[in-house]
There are 2 protein chains.
Amino acid sequence: MINKFMSPEIIFGKGALEHVGESFLRLGARKILIVSDTGVCRAGWVDQVMENCLNAGLEYSTFFNLTTNPKDFEVTYGAQVFAETECDAVLGIGGGSVLDVAKAIAIVATNGGKINDYEGVDKLLAPLPPTIMASTTAGSGSEVSQFSVIVDSEKKKKMTIISKSLIPDISITDPLTLATKDASLTAATGLDVLTHAIEAYVSIAATPLTDVQAKNAIQLVSKYLRPSVATKSNEEAKHAMAMASLQAGLSFSNAILGAVHAISHAVGGRYELSHGEVNSILLPHVMDFNLLAKPQRYVEIAELLGVDTRGLQLMEAGKRGIEVIRQLTKEVGAPQHFSELGLHSPDEASMNEMATMALEDACMITNPRDVTTKDIKDIFSRAM
Amino acid sequence: MINKFMSPEIIFGKGALEHVGESFLRLGARKILIVSDTGVCRAGWVDQVMENCLNAGLEYSTFFNLTTNPKDFEVTYGAQVFAETECDAVLGIGGGSVLDVAKAIAIVATNGGKINDYEGVDKLLAPLPPTIMASTTAGSGSEVSQFSVIVDSEKKKKMTIISKSLIPDISITDPLTLATKDASLTAATGLDVLTHAIEAYVSIAATPLTDVQAKNAIQLVSKYLRPSVATKSNEEAKHAMAMASLQAGLSFSNAILGAVHAISHAVGGRYELSHGEVNSILLPHVMDFNLLAKPQRYVEIAELLGVDTRGLQLMEAGKRGIEVIRQLTKEVGAPQHFSELGLHSPDEASMNEMATMALEDACMITNPRDVTTKDIKDIFSRAM
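Small disclaimer: the values here were computed from a predicted structure and weren't measured.

A. Up close: the relation of the copies chain B and chain A. Superposing chain B onto chain A takes a rotation of 180° plus a shift of 0.0 Å along the axis, which leaves an RMSD of 0.0 Å. Look at the turn and shift together and you get a two-fold axis relating the two. Taken as a fraction of all interface residues of chain B, those also at the interface in chain A reach 100%, which identifies the copy contact as same-surface.

Encoded structure:
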């Protein structure tokens, strides 16, 4: 079997945002489209990179018109701004939604058409303009991944776009930016990191190169998510969670994901829900289901989460790890049922439609256990 | 502190060499300069990539005129072949010497002048032509690193050239190629891998991203070097050692190295010795010296090597790890003293000259403990 592994250039640490300007100069950029959202603006991070770009002799224009689950027409609009203001490079600064839109704008900027034309694996033809992705949430992993997820507004589902070209030229993470997130966003994005690491670790495309990153990310979340949710000013915890996000991102970008993300894309596209919260609800249920396919890997996950598995049967040891995750989810105050998000049991037709979408999602290909429509409906019911 | 991390695109696994042609097509190449040596040719690997390139519609010319410790004038000659045969891309296929020459040829091809003009850190101005590095020894890590080491034939010393541009576009490792190495080369290159991982792990530029790679490499060497030396056909061991080489390479390319390599470059350039053997002789002596600077890291290294450190004092636990390495070196039949390589104690003037070279080597900057001329002479005496 051939293992493939790709990583962007990574700049990580306190003060890393100050490297944006010089990094774009190295990439030969002249005018940057800064993609962000109002929350990140309010926190002051966008002002900081604007000043940094100006000091480096760069021009910029801006695009902040996007929603939590970003839509195809928002990408179209952003690409128009890119073209009309004559930009030649893209900066995404924000959480996963912002970075995914920034990447999608870069696609349409050089490949033309609509973002919907590029759904699936390896559909891009033209190379992208230089891109830098600066993550301000320890969550999506989009700052290092070959993924962008955008909502098809007509079909009301999330499209997964996968291509090596989506790996940014440079990934910048300044853990200081995490100190401006509130507790519930910290919990949801942190559990999303855990989901990335676990799905990558049990993926059928996992390799020794993705395993080391996934294992380290699981250990970091296990140790640092609680203090990170508890205290905004805990720099050690913020640093560790930012590193966990990055390592989980490197892992899943190369090993791809599984059923949690496939189902989450179908649900999240239909009802405007937080990606991190949907994942945190689905994760233990999908783990219960997948355990049969790779019990040994689940035992290792349990051990990484601090379970003493000595003397336990294989399946029992695996289950203990899932229990630890249920407990962690409760402790950090993340939702455990869809009903908590105000979602009522969907009718049979909607359920069937979502199950079909999930089965067709690119993330389902690497799930360790074979999945049927009925399996998805069962998982969904248990998570209601 | 800002962490930086870079990796090439990696293609790893049985049969990976078959991806050379299509990989060059992706990079837009038309005619490849294939850099290799006669040993690799005899093993049949060069024929295989030639056929693969032809099948992909690519042309090639070849350059095989290089020695174990490759010289500046060999690079000049190779760059002439590149220009005269109108190549536009470079493939290195072989051990560390071959890959270092292939990279050096790529430098001179677009930057002009002599390779000696680029000694040190970040001296390159023009981007390199597309490069693919295919490693056939689990050793140098050059297949993923930003390093090239070439002998200055006049000064009789090894020049270290460090630049992000030296990270190949694509790194290809086919563990099958390792099955053609004899036991003593397997031992020397395997101990070189261990040296890379340990120097990177105790480097003052180590980061969480380089640590995970270094730790995994140390564990793999600890588990698989012995069976890999013992049995050419042990595919599991070859696969693991190739992965260890790659991970140690990713680690030291970003965390840089230390006193073993700095001294080894001075010694190896002066007397035509095997880089792997010189490193395996120096490693335990430099560890004895560096222990004082980072005892906790040395304890972790001992644990990765299988030492039960419970109940031991910090320094004692660190020393146990060094003892394990002395034992491993003996077991795999690698030399432990320079006298075994036919080297007699150099005179005072030569010693002083080598010590000065070692202190000026780019690898010394990241050594964890401050080093004086006397320290180097002491280490050298103990290793005689």
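B. Expanded view of the interface of chain B and chain A. Contact residues are listed per partner, giving 20 residues for chain B and 20 residues for chain A. In terms of residue count, the dominant contributor to the side of chain B that touches chain A is helix α7 (residues 208-230) of chain B (five residues). Class assignment of the residues belonging to the side of chain B that touches chain A gives a composition of 12 nonpolar, six polar and two charged. Both strand β2 (residues 9-12) of chain A and strand β1 (residues 3-5) of chain B contribute to a ladder of three bridges, which runs antiparallel. Paired with A:I10 across the strands is B:F5, a residue of β1(B).

C. View of helix α7 (residues 208-230) of chain A. Taking 1.5 Å per residue as the helical rise, α7(A) with its 23 residues ought to reach 33 Å, and the 34 Å between its terminal C-alpha atoms agrees with that figure. Maximum bend of α7(A): about 45°, positioned at A:Y224, with proline A:P227 one to four residues after it.

D. Structural context of the domain arrangement of chain A. All names here are of chain A. Entries for chain A in the domain assignment read domain 1 (9-177) and domain 2 (182-382). The centre of domain 1, based on its C-alpha atoms, is set 25 Å off from the matching centre of domain 2. With 28 residues of domain 1 at the interface, the matching set in domain 2 holds 31 residues. Only β2, β6 (120-121), β8 (147-152) and β9 (157-162) provide two or more residues apiece to the side of domain 1 that touches domain 2. Sort the elements by how many residues they give to the side of domain 1 that touches domain 2 and β9 lands first, with four residues.

E. Region of the structure containing the sheet that holds strand β7 (residues 131-135) of chain B. Across the sheet, which stays open at both edges, the seven strands sit in the order β1(A)-β2(B)-β10(B)-β7(B)-β5(B)-β3(B)-β4(B) with mixed pairing between neighbours. Of all strands in the sheet, those with a lone pairing partner are β1 (3-5) of chain A together with β4 (59-63) of chain B, marking the two edges. Taken over all neighbouring pairs, the strand axes of this sheet differ in orientation by 15° on average, direction set aside. Examined bridge by bridge, strand β3 (residues 31-35) of chain B and β4(B) share five bridges and lie parallel to one another. Opposite B:L33, over in β4(B), you have B:S61 as the bridge partner.

F. How the structure looks around the nonpolar core. Counting 266 residues, the largest nonpolar core has A:L91, A:I105, B:L91 and B:I105 as its most contacted members. A:L91 has contacts with A:V20, A:I32, A:I34, A:V35, A:V49, A:A102, A:I132 and A:A134, leaving out every residue within four places of it along the chain.

G. Geometry of the sheet that holds β9(A). Residues and elements named next belong to chain A. With respect to topology, three strands assemble into an open sheet ordered β6-β9-β8, the strand pairing being mixed. At either margin of the open sheet sits one strand with a lone partner, and together these are β6 and β8. Bridging between β8 and β9 involves six bridges; their strand directions are antiparallel. If you follow V151 over to β9, its bridge partner there is K158. In this fold helix α9 (residues 259-270) packs onto β8 and β9, with an angle of close to 135° to the strand it touches most, β9.

Conventions adopted
Residues numbered from 1 in each chain as written. Chains lettered and ligands numbered in written order. Predicted model: local features only at pLDDT ≥ 70, side-chain atom pairs only at ≥ 80, totals over all residues. Least-squares fit on C-alpha atoms with pLDDT ≥ 70 in both. Contact = placed C-beta atoms within 7 Å. Helix = DSSP H or I, 4+ residues; strand = E, 2+ residues; numbered from the N terminus. Nonpolar A, V, L, I, M, F, W, Y, C, P; charged D, E, K, R; others polar. Pairing = 2+ DSSP bridges. Expected span 1.5 Å × (residues − 1). Bend = angle between axes of the 7 residues up to and from the residue. Domains from an automatic or database assignment. Axes fitted to C-alpha atoms, helices over the stretch in contact; angles between N-to-C directions. Core = buried A, V, L, I, M, F, W, Y, C linked by C-beta atoms within 7 Å. Buried ≥ 20, exposed ≤ 12 C-beta atoms within 10 Å, placed from the backbone.

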